[in-house]
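The lines below spell out each chain.
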Amino acid sequence: MRRGGVATYAAALLAGGALVVAVAGCAAPDRSPGAGVSAGPSTSPVGGEVSGDLTIFAAASLAGAFDELAEMFEQRHPSVDVRPISYDGSSTLATQLIEGAPADVFAAADERTMEKVAAAGLVDDLELFASNTLVIAVPVGNPGGVKTIEDLGWPETTVVLCAPEVPCGAASGALLADNGVAVTAASLEQNVTAVLTKVATGEADAGLVYATDAAASDDVRPVAAAGAENVVNRYPIAALTGASNPPAAAAFVAFVASDEGQAVLSSFGFGTP
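Residues numbered from 1 in each chain as written. Predicted model: local features only at pLDDT ≥ 70, side-chain atom pairs only at ≥ 80, totals over all residues. Heavy atoms only, no water.

J.: Run through the overall build of the chain, naming residues and quoting values.
T.: Of regular secondary structure, the chain possesses eight helices and 13 strands. A total of 273 residues make up the chain; the buried ones form 50% of that total. Taking the contacts inside the chain whose residues are at least 6 apart along the sequence as the reference set, 83% of them involve residues at least 24 apart. Of the accessible surface of the chain, which amounts to about 10,900 Å², a share of 54% is contributed by carbon and sulfur atoms. (Helix = DSSP H or I, 4+ residues; strand = E, 2+ residues; numbered from the N terminus. Buried < 20%, exposed > 50% of the residue type's maximum accessible area, 1.4 Å probe, protein only. Contact = heavy atoms within 4.5 Å. Areas by Shrake-Rupley, 256 points an atom, 1.4 Å probe, with all protein chains shown as cover.)

J.: Kindly report on the side chain of Glu111, identifying the contributing residues and their values.
T.: Structurally, Glu111 can be placed in helix 3 (residues 111-119). In terms of polar contacts, Glu111 uses its side chain to reach the side chain of Arg234, at 3.1 Å. (Polar contact = N/O pair within 3.5 Å; in protein donor to acceptor, adjacent residues only side chain to side chain.)

J.: I'd like a description of the packing of aromatic side chains, backed by residues and values.
T.: Each aromatic ring pair is described using two quantities: the centre-to-centre distance and the angle formed by the ring planes. Going through the model one piece at a time under the given rule, you end up with seven aromatic pairs. Consider the rings of Phe129 and Tyr235, whose centres lie 6.1 Å apart with planes at 75 degrees: the pair is edge-to-face. You can see Phe129 sitting in strand 7 (residues 126-132) and its partner Tyr235 sitting in strand 13 (residues 233-239), a full 106 residues away along the chain. Classification of Tyr235 by relative accessible area gives buried; the value is 0%. In this structure an aromatic cluster arises from ring pairing among Phe66, Phe73, Phe129, Tyr210, Tyr235, Phe252, Phe255 and Phe270. (Phe/Tyr/Trp six-rings, centres within 6.5 Å; stacked < 30°, edge-to-face > 60°.)

J.: Any details on the state of the cysteines? Residues and values, ideally.
T.: In a disulfide, the sulfur atoms of two cysteines are held together by a covalent bond. Applying the stated rule across the entire model yields one disulfide. With a sulfur-sulfur separation of 1.8 Å, Cys162 is cross-linked through a disulfide to Cys168. Its torsion about the S-S bond being -100 degrees, the disulfide of Cys162 and Cys168 is classed as left-handed. Exposure remark for Cys162: the relative accessible area of 3% places this residue in the buried category. (Disulfide = S-S within 2.5 Å.)

J.: Which residues make up helix 2 (residues 90-98), and what are the values?
T.: Of all nine residues in helix 2, seven are buried, a share of seventy percent or more. Every buried residue of helix 2 is listed here: Ser90, Ser91, Thr92, Leu93, Ala94, Gln96 and Leu97.

J.: Describe in detail the environment of Leu97, supporting the description with residues and values.
T.: By the secondary structure assignment, Leu97 is in helix 2. In this structure Leu97 comes out as buried when scored by relative accessible area, which is 4%. Put simply, Leu97 and Leu240 are 143 residues apart on the chain and 9.4 Å apart in space, counted from C-alpha to C-alpha. Apart from the residues lying within four places of it in its own chain, the contact partners of Leu97 are Phe57, Ala103, Phe106, Leu122 and Leu240.

J.: Can you break down helix 3 residue by residue, with the values?
T.: Among all positions of helix 3, only Glu111, Thr113, Met114 and Val117 are buried. The arc enclosing the buried residues of helix 3, seen along the axis, measures out at 160 degrees, which places them on a common side. Among the structural elements, helix 2, strand 6 (105-107), strand 7, helix 4 (167-178) and strand 13 are those in contact with the buried residues of helix 3. Gly121 sits one or two residues past helix 3 and shows a positive phi near 85 degrees. (Arc of directions from axis to C-beta.)

J.: I'd like to hear about the nonpolar core, residue by residue, with values.
T.: Core analysis: the largest hydrophobic core is formed by 72 residues, its most contacted members being Leu54, Leu62, Phe66, Phe129, Ile136 and Leu152. If you tally residues by element for this core, the top one is helix 7 (residues 246-257), at seven residues. Phe57, Ala103, Met114 and Val117 belong to the second-largest nonpolar core, a separate cluster that totals 13 residues. (Core = buried A, V, L, I, M, F, W, Y, C linked by side-chain atoms within 4.5 Å.)

By themselves, these are just geometric observations and shouldn't be taken as functional.
Structure below.
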């Protein structure tokens, strides 16, 4: 199986040379399920043989788990070739799909993004399959001395965040607003992996990332963020209406939602939806 990612980054928001997050006005992520959403994972076995190529678009935070799930899926269905999965910010991937990028399956990091794809007529039914919360990521040794979410508001603290239109950015804005913290970000990134990279390389003192991403990195340390349990991202997955391989797409969605798929996601730190 060929592995890789297709990352298309939207330009960061610039205002007067500085990137500013006005968290007081940030809306919390839309957590209301849309039409056709299943409230929990299916435990039905995945049966029947499928074949052909399978193209998957998935949120950047799913990279490790979906690489493993795709490999397991190919082992279960030897006649299927999972193409290199396209990982990026959910909003970037949604834009690509709406503009006509071909794919069979889309897994997003929040319901609001999936609902945009559904509104474009690209999704009929979707399934919630995982959840995630935010932590503060700091470099090993924590040179910025960041211990609480309030510390992100210090003028001397270099902070990177996801852009507001990205699920991790919407969640970050909601979390900061809940804590009454205003942050002037050094940069606004188009996916959580980019935030994690800047913290890991010491370009920033801290960043808000998903707990699963911080746990998977040896180069950052997680710091608990007060109230993170109240800002939960629920991940939906769907076979796209324009899929070139509908049987394989449906089988992969069912596999992710199955007990076996849920065990893999749990091993990477994801919660149940």
